[in-house]
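Structural description and commentary
For reference, the chains in residue letters:
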Amino acid sequence: MVAPGEDVAVDASADAVEGGEEPKVLSKSQRKRLNKKKAAEEKRRAEAELSGVQIDEDGEGNGAAGDDTAAAAAAAVGGEEGAEGAAKKKKKKKKSKGGKGGARQQTDPPTIPVPDLYPNGIFPEGEIVSYPQDYNTYRTTSEELRERERLEANVYNDVRRAAEVHRQVRQHMQKVIKPGIKLIDMCEQLEGLSRSLIKEDGLQAGIAFPTGCSLNHVAAHYTPNKGDNTVLGYDDVMKIDFGTQVNGRIIDSAFTVAFNPIFDPLKEASREATNAGIAAAGIDVRLCDVGEAIQEVMESYELEIGGKTLQVKSVRNLTGHSIAPYQIHAGKSVPIVKGGEATKMEEGEFFAVETFGSTGKGYIREDLECSHYMKDFHVGHVPLRLPRAKQLLGTIDRNFGTLAFCRRFLDRIGETKYLMALKNLCDTGIVVPYPPLCDTKGCHVAQYEHTILLRPTCKEILSKGEDY
């Protein structure tokens, strides 16, 4: 037998003879190195043949192979490991659509709190609209005004969180509300969902005011008290008006539910009038001009009920309003008829633009049992004689502050036998009652409402959604 490496030694001796030199006997270690060199040379030539690269006598290639061919050669010569290595080099990382901290998907029905859906803490904007007025066009590109917005980023984010909760709650409730549902059950379900999705945290986050579910001729400020078993009917026109708040930044938005299609023109009149008011609103716009735009659209609609054609009228003594932190009515009123005040809207203000279309007289009065109450925002210290009234006021301060509440809210936190104390607080002016507002009995009223923000560079319709 021939020992490994002897053939290499013979070849080397032969080469030496041809060159005129004395043949040399190679040591064992030299023969090993020559064997390794020869094996490496053969491997390189095999790779070159597969890749189409010619190897010259010096062992250098005179061509280049593509990445794909190299991968094939590596697979053929070096096995699976070589192919996988070449493939990894070519593989690109896929970017996730949401990016780091992107939004999660909400369940149906909604169960995940909205802050958990946005782990990065950035909530979606409302609908952005440019100011139509010529004197406001510079705002779109002004770098100084953009910087002002950056300074208010936390405020904007708080109110957008409240708006996103409002959208998700109302879109779910629109599937739930059907003829035959008890209004008190509907309100409690809606309010429970609002508390859950907003991640209620005392006065820092929660419900801004009681759920209004005014029926037919009742325009606003009705919510069922304990023991009220009113049921929604097919021919009813119901206004759902509810609010959410984060750090006092309130979203106030409303829509109308009617199952009988004869009321579709009434709903459309109010919805389009609200949109017209929002379109007319802007920095340095007079409030009376907004009211005129609303009335023009509202009263262009009519509907037929029982063979009679009725014109839709704007309710002239109801208005929209400005909103401030923990203050739902902040001082300015947005009329829904022409001839209102000439006060101007200002940069940075929040407004609830709401309209009421009626088939009655278009004039409301206070009537029925009161359910809505709110502590006067500007009230100072008022001495109270009744210990129960003092105790109730402390409860109101801790749980509601200057936000609106109703009797059901007091029942929920465990208050009992409080009517006399509540009346005392109303009589002294500390708490203001807000009874239901009614047009003529037998008529129907529709309502739509959005909260808008007059940002320095644009107008943002915060509560805008796919539904309205």
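See above for the structure.
Read on for a plain summary of the structure. (Residues numbered from 1 in each chain as written. Predicted model: local features only at pLDDT ≥ 70, side-chain atom pairs only at ≥ 80, totals over all residues. Heavy atoms only, no water.)

Another aspect to go through is the sheet that holds strand β12 (residues 365-366). Pairing within the open sheet is antiparallel, and its three strands lie in the order β3-β16-β12. Because the sheet does not close on itself, it has two edges, and the strands there are β3 (218-220) and β12. Pairing geometry for β3 and strand β16 (residues 437-438), over two bridges, is antiparallel. Following the sheet pairing, A220 is matched in β16 by L437. (Pairing = 2+ DSSP bridges. Helix = DSSP H or I, 4+ residues; strand = E, 2+ residues; numbered from the N terminus.)

All chains considered together, the criterion is met by 25 salt bridges. Two residues, E191 and R408, come together in a salt bridge whose shortest N-O distance is 2.8 Å. You can see E191 sitting in helix α8 (residues 183-198) and its partner R408 sitting in helix α12 (residues 407-412), a full 217 residues away along the chain. A relative accessible area of 3% means that E191 is categorised as buried. (Salt bridge = Lys/Arg side-chain N within 4 Å of Asp/Glu carboxyl O. Buried < 20%, exposed > 50% of the residue type's maximum accessible area, 1.4 Å probe, protein only.)

Okay, the packing of helix α7 (residues 153-176) against α8 next. Orientation of α7 relative to α8, taken along the N-to-C sense of each, is 145°, at an axis distance of 10 Å. Both α7 and α8 take part in a crossing whose hand is right-handed. Each of R161, A162, V165, Q168, V169, H172, M173 and V176 in α7 lies in contact with α8, whose residues at this interface are M186, Q189, L190, L193, S194, L197 and I198. In terms of residue class, the contact of α7 with α8 is made up of 10 nonpolar, four polar and one charged. (Axes fitted to C-alpha atoms, helices over the stretch in contact; angles between N-to-C directions. Left-handed = near helix turned anticlockwise from the far one by under 90°. Contact = heavy atoms within 4.5 Å. Nonpolar A, V, L, I, M, F, W, Y, C, P; charged D, E, K, R; others polar.)

With that out of the way, let us pick up the side chain of R139. With respect to the helices, strands and loops of the structure, R139 is situated in the loop between β1 (127-129) and α6 (143-151). You can call R139 buried: its relative accessible area is 6%. Contact partners of R139, with chain neighbours within four places excluded, come to Y131, L145, I283, E347, P456 and T457.

What follows concerns the packing of helix α11 (residues 387-399) against helix α13 (residues 419-427). Two numbers describe how α11 lies on α13: the axes approach to 9 Å, and their chain directions differ by 80°. Judged by the angle between their axes, α11 and α13 are roughly perpendicular. Between α11 and α13, the contacting residues are R388, A389, L392, L393 and I396 on the first element and A421, L422, N424 and L425 on the second. Across the contact of α11 with α13, the residue classes tally to seven nonpolar, one polar and one charged. (Parallel < 35°, antiparallel > 145°, perpendicular 65-115°, else oblique.)

Spatially, three strands are ordered β14-β13-β15 in an open sheet, and the strand pairing comes out antiparallel. Both edges of this open sheet fall to β14 (405-406) and β15 (431-434), since each of them pairs with a single strand only. The sheet contact formed by strand β13 (residues 372-375) and β15 spans four bridges and is antiparallel. Of the residues in β15, the one forming a bridge with M374 is V432. With respect to the sheet, α13 is in contact with β13, β14 and β15, its orientation differing from that of β15 by roughly 105°.

For the rest of this paragraph, the subject is the nonpolar core. The biggest cluster of nonpolar side chains holds 50 residues, and the ones touching the most others in it are V169, I177, L183, M186, C213, M238 and I240. Looking at this core, the elements that each hand over two or more residues are α5 (114-117), α7, α8, β2 (205-215), β4 (237-246), β5 (249-258), β11 (350-358) and β17 (445-454). Per-element accounting of this core gives the leading share, eight residues, to α7. Aside from chain neighbours lying at most four places away, what touches C213 is L183, M186, C187, Y222, T223, P224, M238, K239 and I240. Core analysis: the next-biggest nonpolar cluster, separate from the first, contains 36 residues, A220, A273, M345 and V353 among them. (Core = buried A, V, L, I, M, F, W, Y, C linked by side-chain atoms within 4.5 Å.)

Turning our eyes to something else, we now look at helix α9 (residues 264-280). The first and last C-alpha atoms of α9 sit 24 Å apart over 17 residues, in line with the 24 Å expected at 1.5 Å per residue. Along α9, the residues classified as buried are L266, K267, A269, S270, A273, T274, A276, G277 and I278. In this structure, the buried residues of α9 make contact with β5, α10 (287-298), β6 (302-305), β11, β17 and β18 (459-461). (Expected span 1.5 Å × (residues − 1).)

That's the geometry; what it means functionally is another story.
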